[in-house]
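Secondary and tertiary structure notes
The primary structure of each chain is shown beneath.
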Amino acid sequence: MNERDSAPGGLALVEALVNTLNVETGADALDTAAGCAALAIAGPDVPAARTLREALRAVCLAHAGHRPPEGASVSLLDALLADAPLRVAVDADGAASLRPVEEPPGLTARVAVAVAAASADGTWARLKVCEAADCRWAYYDRSPAGRRRWCSMSVCGARAKMRTYRAKRG
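First, a word on scope: everything that follows refers to the structure included in this document. (Residues numbered from 1 in each chain as written. Predicted model: local features only at pLDDT ≥ 70, side-chain atom pairs only at ≥ 80, totals over all residues. Heavy atoms only, no water.)

1. A closer look at the nonpolar core
Core analysis: the biggest nonpolar cluster contains 32 residues, and Val14, Leu56, Val111 and Trp124 have the highest contact counts within it. Membership of the second largest hydrophobic core comes to seven residues, among which are Cys130, Ala132, Trp150 and Cys156. (Core = buried A, V, L, I, M, F, W, Y, C linked by side-chain atoms within 4.5 Å. Buried < 20%, exposed > 50% of the residue type's maximum accessible area, 1.4 Å probe, protein only.)

See the structure below:
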């Protein structure tokens, strides 16, 4: 559905996680071995990944200026990421960065690092979710003003504009 490149850096992981659920069809990639392998998670981690996914979707909806659906909360992401085992690492050049404590790092820790890095470089707020209620696909807003509303102007945007047009003629 997305006609653009994926999000930069670690946000690609966040975008991929949010997009494991096709809201329109109900298909969930986390129900498949390939979907879990793509995110490097195991079967027992799937329920936590789904919770994390929906918390991220709520925040991405907020980035786009939309209210999360009933029962979803932006504060849930804060609570989930608070439990991520991270540490500050300093490299030989003196540059500091967040790193997961565990090896291999869990999904929550990887997402926490991606969110922190994207927040620091100013890209976090550009990860949004499509305005279309039957889509809710995550996309990275590369528009100059940062005001994109749909994952794809040719699909979701066109549908919304057609609905508005028909309602006016109506």
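2. Some thoughts on the pattern of salt bridges
Pairing of side chains with opposite charge becomes possible as their charged atoms draw close. For the coordinates displayed, the defined rule picks out six salt bridges. A salt bridge links Arg50 to Asp31; the nearest nitrogen and oxygen atoms lie 2.2 Å apart. Placement of the pair is Arg50 in helix α3 (residues 46-63) and Asp31 in the loop between α1 (11-18) and α2 (33-38), with a sequence separation of 19 residues. Given the relative accessible area of 26%, Arg50 is considered partly exposed. With relative accessibility at 58%, the residue Asp31 sits in the exposed group. A salt bridge links Arg53 to Glu54, with the nearest nitrogen and oxygen atoms 2.9 Å apart. (Salt bridge = Lys/Arg side-chain N within 4 Å of Asp/Glu carboxyl O. Helix = DSSP H or I, 4+ residues; strand = E, 2+ residues; numbered from the N terminus.)

3. Some points on the environment of Ala118
Within the element layout of this structure, Ala118 appears in helix α5 (residues 107-121). Since its relative accessible area comes to 3%, Ala118 is described here as buried. The sequence separation of Ala118 and Leu11 amounts to 107 residues, and the corresponding C-alpha distance is 6.9 Å. Ala118 has contacts with Leu11, Thr123 and Trp124, leaving out every residue within four places of it along the chain. (Contact = heavy atoms within 4.5 Å.)

4. Focus: the environment of Arg57
Here Arg57 shows up in helix α3. Note: C-alpha distance between Arg57 and Lys128 (71 residues apart in sequence) is 8.1 Å. Residues within four places of Arg57 in sequence aside, it is in contact with Val18, Leu21, Val23, Val129 and Arg136.

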